[in-house]
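# Observations on the model geometry
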Amino acid sequence: MDVLLLPFRWIYRGLVWFANSPRTLIISYLLMIVVAGVLYSHAEHKSAADSVWWAVVTASTVGYGDISPTSFAGRFLAALLISTMVLLVIPLITAHFASRLIVDDDAFEHAEQEELKADVRRLRTLVEEMAARQGVVLPEQARPEPVSTAPPWERRRRRQRRR
């Protein structure tokens, strides 16, 4: 089963890498515009300037209608360009920059989180020692699993390893 999921893991990791690199996102956007313009120029026999203009207008889904594909290859290219831009590239660019703009100043930093975890461990140890001295039996507490950002198949594999 793991072998069947391997390509999807690679795709997922590639998308995560792609989404977390603003330089890669911007370069891919520009590259797609240029490549689509060149392909459109060959498919529709238009000038390079008109083809790049068509790619920008099509990728942004404005669609002025001043230039539109008439051949099957041109229409297929338009559908591919629109789909890729609307469903992948533009949302990733928007999400990346939005995540940079929305910053929680009250969020704990990693060092603070580690300090708090160490404090809780020390407190738990002290409470257990005090309870043992007093002869009090503490109820077993189910410790929740930490929230993971790993994909579901990775979380499942980790759980299976722990058992």
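This text gives an overview of the structure that appears in the document. (Residues numbered from 1 in each chain as written. Predicted model: local features only at pLDDT ≥ 70, side-chain atom pairs only at ≥ 80, totals over all residues. Heavy atoms only, no water.)

Bringing the overall build of the chain into the picture now. Counting its regular elements, the chain contains six helices and zero strands. Listed N to C, the secondary structure of the chain is α-α-α-α-α-α in terms of helices and strands. With 163 residues in all, the chain has 21% of them scored as buried. The long-range fraction of contacts in the chain, counting pairs at least 24 apart against all pairs at least 6 apart in sequence, stands at 53%. (Helix = DSSP H or I, 4+ residues; strand = E, 2+ residues; numbered from the N terminus. Buried < 20%, exposed > 50% of the residue type's maximum accessible area, 1.4 Å probe, protein only. Contact = heavy atoms within 4.5 Å.)

Inspection of the entire model under this criterion finds two salt bridges. Close ionic contact of Glu 114 with Lys 117 constitutes a salt bridge, the shortest N to O distance being 3.0 Å. Placement of the pair is Glu 114 and Lys 117 together in helix H5 (residues 110-134), with a separation of three residues, close to one helical turn. Judged by its relative accessible area of 31%, Glu 114 is partly exposed. The partly exposed category is assigned to Lys 117, whose relative accessible area is 39%. In this structure, Arg 122 and Asp 119 form a salt bridge, with 2.1 Å as the shortest nitrogen-oxygen distance. Of this pair, Arg 122 and Asp 119 are both found in helix H5, three residues apart, which corresponds to roughly one turn of the helix. (Salt bridge = Lys/Arg side-chain N within 4 Å of Asp/Glu carboxyl O.)

This brings us to a nonpolar patch on the surface. Residues Phe 8, Ile 11, Leu 15, Ile 82, Val 86, Leu 87 and Leu 88 make up a contiguous nonpolar surface patch of roughly 630 Å² in combined accessible area. Of all elements in the fold, only helix H1 (2-19) and helix H4 (72-101) reach the threshold of two or more residues within the nonpolar patch. Sort the elements by how many residues they give to the nonpolar patch and H4 lands first, with four residues. By secondary structure assignment, the location of Leu 15 is in helix H1. (Patch = residues over 30% accessible without salt bridge, like charges linked within 9 Å, V, L, I, M, F, W, Y side chains within 5 Å. Areas by Shrake-Rupley, 256 points an atom, 1.4 Å probe, with all protein chains shown as cover.)

To continue, consider helix H2 (residues 22-44). In this model H2 runs 32 Å from its N-terminal to its C-terminal C-alpha over 23 residues, within 8% of the 33 Å that 1.5 Å per residue would give. Residues of H2 that are buried include every one of Thr 24, Leu 25, Ser 28, Ile 33, Ala 36, Gly 37, Tyr 40, Ser 41 and Glu 44, and no others. Residues of H2 that are buried in the fold lie against H1, helix H3 (48-59) and H4. Looking at the residues trailing H2, positive phi occurs at His 45, about 55°. (Expected span 1.5 Å × (residues − 1).)

What follows deals with the side chain of Ser 41. Among the structural elements, Ser 41 can be located in helix H2. If we skip the residues at most four places from it in the chain, Ser 41 touches Lys 46, Ser 47, Ala 48 and Ser 51.

With that out of the way, let us pick up the packing of aromatic side chains. Scanning all chains against the criterion turns up three aromatic pairs. A ring pair is formed by Phe 72 and Phe 76, whose centres lie 6.3 Å apart and whose planes are at 25°; its orientation type is stacked. With Phe 72 and Phe 76 both in helix H4 and four residues apart, this pair spans about one turn of that helix. Each member of the pair, Phe 72 together with Phe 76, is exposed. (Phe/Tyr/Trp six-rings, centres within 6.5 Å; stacked < 30°, edge-to-face > 60°.)

The biggest cluster of nonpolar side chains holds 17 residues, and the ones touching the most others in it are Trp 54, Ala 55, Leu 81 and Met 85. Those elements giving two or more residues to this core turn out to be H1, H2, H3 and H4. For this core, the element with the highest residue contribution is H4, accounting for seven residues. (Core = buried A, V, L, I, M, F, W, Y, C linked by side-chain atoms within 4.5 Å.)

With that settled, the discussion passes to unusual backbone geometry. At His 45, a position not held by glycine, the phi torsion is positive, near 55°. Along the chain, His 45 turns up in the loop between H2 and H3. Given the relative accessible area of 71%, His 45 is considered exposed. Backbone geometry at Thr 61 places phi at a positive 60°, although glycine is not the residue there. Summarising the element assignment, Thr 61 is placed in the loop between H3 and H4. For Thr 61, a relative accessible area of 46% gives the class partly exposed.

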